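Chain residues, written in single-letter form:
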Amino acid sequence: PPVLILNGPNLNLLGHREPETYGGVTLAEIEARCRAVAAEQGLRADFRQSNHEGVLVDAVHEARGSGGGILLNPAGYSHTSIALRDALAAAGVPVVEVHLTNVHRREAFRHRSFTAEVSDAVICGAGAQGYELGLLHLARLIGAGGR
Ligand code: DQA
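Residues numbered from 1 in each chain as written. Predicted model: local features only at pLDDT ≥ 70, side-chain atom pairs only at ≥ 80, totals over all residues.

On average, residues of the protein carry a pLDDT of 96, and 97% of them reach 70 or more. Among the prediction metrics, the complex's ipTM stands at 0.99, with pTM recorded as 0.96. (pLDDT = per-residue confidence, 0-100.)

Written as structure tokens, this is what we have:
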């Protein structure tokens, strides 16, 4: 089954952007790790990044009814996007949200995630490894027939 691994705004700058907060791992390195874990789990990884809300919404629509799942780091849109939240709610496939940082230990505006409220699971604060953990859980959810 396909797994859409979707990355929101500014994550293209990973490894260079605020490394004291987000670490030195680049998005390309995360992609490589995700591809390895997905292959081990028998999943087909479709790894994407966009800085544009509507492009992220379109990607979620594409994954609708795919029989797979979505692993997503909505980045700043977690805390603002009702549109992305609504798209996920209509996706009909399991959704796991991941954040590199522990958003609960950060500014109050990061404590609410609209997209997490429609996700099956949320992993935050585990750094780049959160993507791998999220994929393992997603594989289990997909295997169990989704939600
Ligand atoms: C983030 C946390 C968000 O609050 C922030 O806007 C990001 C990255 C994370 O992975 O820790 O861009 O999603």
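With that settled, consider the packing of helix H3 (residues 53–63) against helix H4 (residues 82–89). Following both chains from N to C, one finds H3 and H4 inclined at 5°, their axes separated by 9 Å at the closest point. Considering the angle they form, H3 stands roughly parallel to H4. Of the residues in H4, those touching H3 at Glu53, Leu56, Val57, Val60 and His61 are Ala83, Leu84, Ala87 and Leu88. (Axes fitted to C-alpha atoms, helices over the stretch in contact; angles between N-to-C directions. Helix = DSSP H or I, 4+ residues; strand = E, 2+ residues; numbered from the N terminus. Parallel < 35°, antiparallel > 145°, perpendicular 65-115°, else oblique. Contact = placed C-beta atoms within 7 Å.)

Our focus in this paragraph is the environment of Gly23. Secondary-structure assignment places Gly23 in the loop between helix H1 (19–22) and helix H2 (27–40). When near neighbours in sequence (up to four residues on either side) are disregarded, Gly23 contacts Leu100, Gly127 and Ala128.

Right, let's get into the environment of Gln41. Here Gln41 shows up in the loop between H2 and strand E2 (44–49). By C-beta crowding, Gln41 is classed as partly exposed, having 17 other C-beta atoms within 10 Å. Sequence separation between Gln41 and Arg140 is 99 residues; the distance between their C-alpha atoms is 9.1 Å. Excluding anything up to four places from it in sequence, Gln41 contacts Leu135, Leu136 and Ala139. (Buried ≥ 20, exposed ≤ 12 C-beta atoms within 10 Å, placed from the backbone.)

Turning next to helix H5 (residues 129–143). Residues spaced three or four apart along an α-helix point in a common direction, a consequence of the helix completing one turn every 3.6 residues. Compared with the 21 Å implied by 1.5 Å per residue over 15 residues, the 21 Å span of H5 between its first and last C-alpha is a close match. Among the residues making up H5, those that are buried are Gly130, Tyr131, Glu132, Gly134, Leu135, Leu138, Ala139 and Ile142. On its buried face, H5 is in contact with strand E1 (2–7), H2, strand E3 (69–73), strand E4 (95–99) and strand E5 (121–124). (Expected span 1.5 Å × (residues − 1).)

On to the sheet that holds E4. Taken in spatial order, the five strands line up as E2-E1-E3-E4-E5 in an open sheet, and their pairing is parallel. Where the open sheet ends on each side, the last strands, each with one partner, are E2 and E5. Each neighbouring strand pair of the sheet contributes to a mean axis angle of 15°, computed without reference to strand direction. One ladder, built from four bridges, connects E4 with E5; its direction is parallel. Counted as the bridge partner of Val96 is Ala121 from E5. (Pairing = 2+ DSSP bridges.)

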